[in-house]
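A structural walkthrough
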Amino acid sequence: MLNQMVLQERISKVSQAMESMKNTSINEQFPIGLIDIHLWEWPQGVGLYGLLQLHEATKDPKVLEFLESWYNARLMEGLPEKNVNTCAPLLTLISLCELTGNKEYEQVCEEWSSWIMDGLLRTGDGAFQHMITGDANDGQILIDTLFMTVLFLAKAGVYFKKPDMVEEAKRQFLVHIKYLYNKKTGLFYHGWDFNENHNYGAVHWGRGNAWYTAGVMDFLNIIPIEDGLKAYLLDTATAQVRALSKLQGEDGMWHTVLDDPTSYKETSATAAIGYGILKGIRYGYLDESYRQNGLSALEAVLKQIDDHGVVQQVSYGTPVGQDAQFYKDIAISPMGYGQALTLFILIEGLRVPTAD
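Attention in this report is confined to the structure presented alongside it. (Residues numbered from 1 in each chain as written. Predicted model: local features only at pLDDT ≥ 70, side-chain atom pairs only at ≥ 80, totals over all residues. Heavy atoms only, no water.)

**Focus on the environment of A269**
Our working rule: Secondary structure elements are taken from DSSP: a helix is a run of H or I of four residues or more, a strand is a run of E of two residues or more, and numbering for both begins at the N terminus. For every residue, the accessible area obtained with a 1.4 Å probe (protein chains only) is divided by the maximum for its type, and the residue is called buried under 20%, exposed over 50%, and partly exposed between those limits. Pairs of residues are marked as contacts when any of their non-hydrogen atoms sit within 4.5 Å.
Residue position: A269 is located in helix α12 (residues 267-282). A relative accessible area of 0% places A269 in the buried class. Sequence separation between A269 and K303 is 34 residues, and the spatial gap between their C-alpha atoms is 15 Å. For A269, the contacting residues outside a window of four places in its chain are G206, R207 and A210.

Rendered as structure tokens:
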């Protein structure tokens, strides 16, 4: 049975550790851009979304205060170049628009959502090209884009009452499924190259799959969606979860290359997959039979939180690779998104029904 007090204590420690993350205090060998919480990039964006979920669950004013101070400081510094990954912090900012009515926040969200529609590079079938800081990644799409950019676009479309944005977000989910979903396995590939028409190393990367498992459950709660498309997205998610359930270790963890047991176990993927499963069951999107998979993932993630609230066994930022060994060689380091995805599943754990 889940211990609510333990979950609440771990949530507090994990969130506090994330709020204080700085490169110098964790690991000097990795570039500061992915670890320092006080920068505007995708790891920080995922981290902020975790804190937003914490505020939604607890209504803790200190969490909201941290979020507002974070965005105010970044806006004062000036925002970076627009690309897929730097859109990630906007998913939380658009929610702060709803919570605070801050007009400066609204202006930023309106500007960036318009840029996504008119300025973000497109590749085959109009898919959002996975352009990142310093690299346009010509012809490349990645499963990560759905979480980093498309969720925000969907929410911005609803907030600003712009149906074209909502429809574009739906389209992006469909085109990414078209090129990245492996019908034989039920899993997702990391990327697709429209220039040479291949899935790179055709690797079923753990965290990449987790972006869909977690992202689609949030997507369905962001936008109004017609029954046919909703069924299609959930059919895909159910097939994926069915495949994932067979690959989960006895310890509740998933491997960084899902179907390669020689690859290391990885916490951020385990947390996000478990979160997607538990949330999907709570909303009636997934069958109750998968609950134990979600709970086993939760128990496994709890074991990866050290005494300081730092989540261990998290793979470093991972570009698309040409073979499984590339993913197996990715270093392990505490990361903002590791903290955040752990918050996702811990908070969802609080919502799991307990026996009387």
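So, next bit.
**Some thoughts on the state of the cysteines**
To be explicit about the condition: The disulfide criterion used throughout: a pair of cysteine sulfur atoms within 2.5 Å.
Enumeration over the complete set of coordinates arrives at 0 disulfides. C97 takes part in no disulfide bond, and the closest cysteine sulfur, belonging to C109, lies 4.0 Å away. A residue is classified by how much of its surface remains accessible, and C97, at 2% relative accessible area, is buried.

**Considerations on the side chain of R207**
Definition in use: Polar contacts here mean pairs of N or O atoms no more than 3.5 Å apart (in protein, one a potential hydrogen donor and the other a potential acceptor; neighbouring residues in sequence count only if both atoms are side-chain atoms).
With respect to the helices and strands, the residue R207 is situated in helix α10 (residues 206-219). R207 sits in the buried class, given a relative accessible area of 1%. Looking at R207, its side chain comes within polar contact range of the main-chain oxygen of Y316, at 3.2 Å. Non-local contacts of R207, meaning those with residues more than four positions away in its chain, are made with E266, S268, A269, S315, Y316, G317, T318, Y337 and L341.

**A look at the pattern of salt bridges**
We apply this condition: For this analysis, a salt bridge means a side-chain nitrogen from Lys or Arg found within 4 Å of a carboxyl oxygen belonging to Asp or Glu.
By the definition in use, this model includes 19 salt bridges. Among the salt bridges present, the one from E98 reaches K155, with a minimum N-O distance of 3.6 Å. Of this pair, E98 sits in helix α6 (residues 90-100) while K155 sits in helix α8 (residues 144-159); the two residues are 57 residues apart in sequence, bridging distant segments of the chain. Residue E98 is classed as partly exposed on the basis of its relative accessible area of 47%. Ionic pairing is found between D218 and K279, a salt bridge with its closest N-O pair at 2.6 Å. Within this pair, whereas D218 is found in helix α10, its partner K279 is found in helix α12, the two being separated by 61 residues in sequence. The buried category is assigned to D218, whose relative accessible area is 2%. Judged by its relative accessible area of 10%, K279 is buried.

**Considering the packing of aromatic side chains**
The condition is simple: What counts as a ring pair is set by centres within 6.5 Å for rings of Phe, Tyr and Trp (its six-membered ring), and what kind of pair is set by the plane angle: stacked under 30 degrees, edge-to-face over 60, tilted for all other angles. Only when the NZ atom of a Lys or the CZ atom of an Arg is both within 6 Å of the ring centre and within 35 degrees of the ring normal do we say a charge sits over the ring.
Going through the model one piece at a time under the given rule, you end up with 23 aromatic pairs. Aromatic pair W40 and W112: ring centres 6.1 Å apart, planes at 45 degrees, arrangement tilted. One end of the pair, W40, is in the loop between α3 (32-35) and α4 (42-58); the other, W112, is in helix α7 (residues 103-118), and 72 residues separate them in sequence. Residue classification places W40 among the buried positions, given a relative accessible area of 7%. Here the aromatic cluster, defined as three or more aromatic residues joined through ring pairs, consists of W42, Y49, F147, W211, Y275, Y337 and F344. Residue placement shows R74 over the ring face of W70; its charged tip is 5.1 Å from the ring centre. The lysine or arginine in question, K162, covers the ring of F160, its NZ or CZ lying 6.0 Å from the ring centre.

**Some words on α10**
Test applied: Residue count minus one, scaled by 1.5 Å, sets the expected span of a helix.
Taking 1.5 Å of rise per residue, the 14 residues of α10 would be expected to cover 20 Å, and the 20 Å separating its terminal C-alpha atoms lies within 8% of that figure. Here α10 lies mainly inside the structure; 14 of its 14 residues are buried.

**Quick look at the packing of helix α9 (residues 163-180) against helix α11 (residues 227-247)**
We apply this condition: All axes are obtained by fitting lines to C-alpha atoms, using only the stretch in contact for helices, and the reported angles, taken between N-to-C directions, cover 0 to 180 degrees. Crossings are classed by handedness, with left-handed meaning an anticlockwise turn of the near helix from the far one by less than a right angle and right-handed meaning a clockwise turn. Under the scheme applied, nonpolar residues are Ala, Val, Leu, Ile, Met, Phe, Trp, Tyr, Cys and Pro; charged residues are Asp, Glu, Lys and Arg; polar residues are all the others, including Gly.
For the pair α9 and α11, the least separation of the axes is 12 Å and the interaxial angle reads 40 degrees. Here α9 and α11 pass one another in a crossing that is left-handed. Of the residues in α11, those touching α9 at K170, F173, L174 and I177 are L229, Y232, L233 and T236. Residue composition of the contact of α9 with α11, grouped by class: 6 nonpolar, 1 polar and 1 charged.

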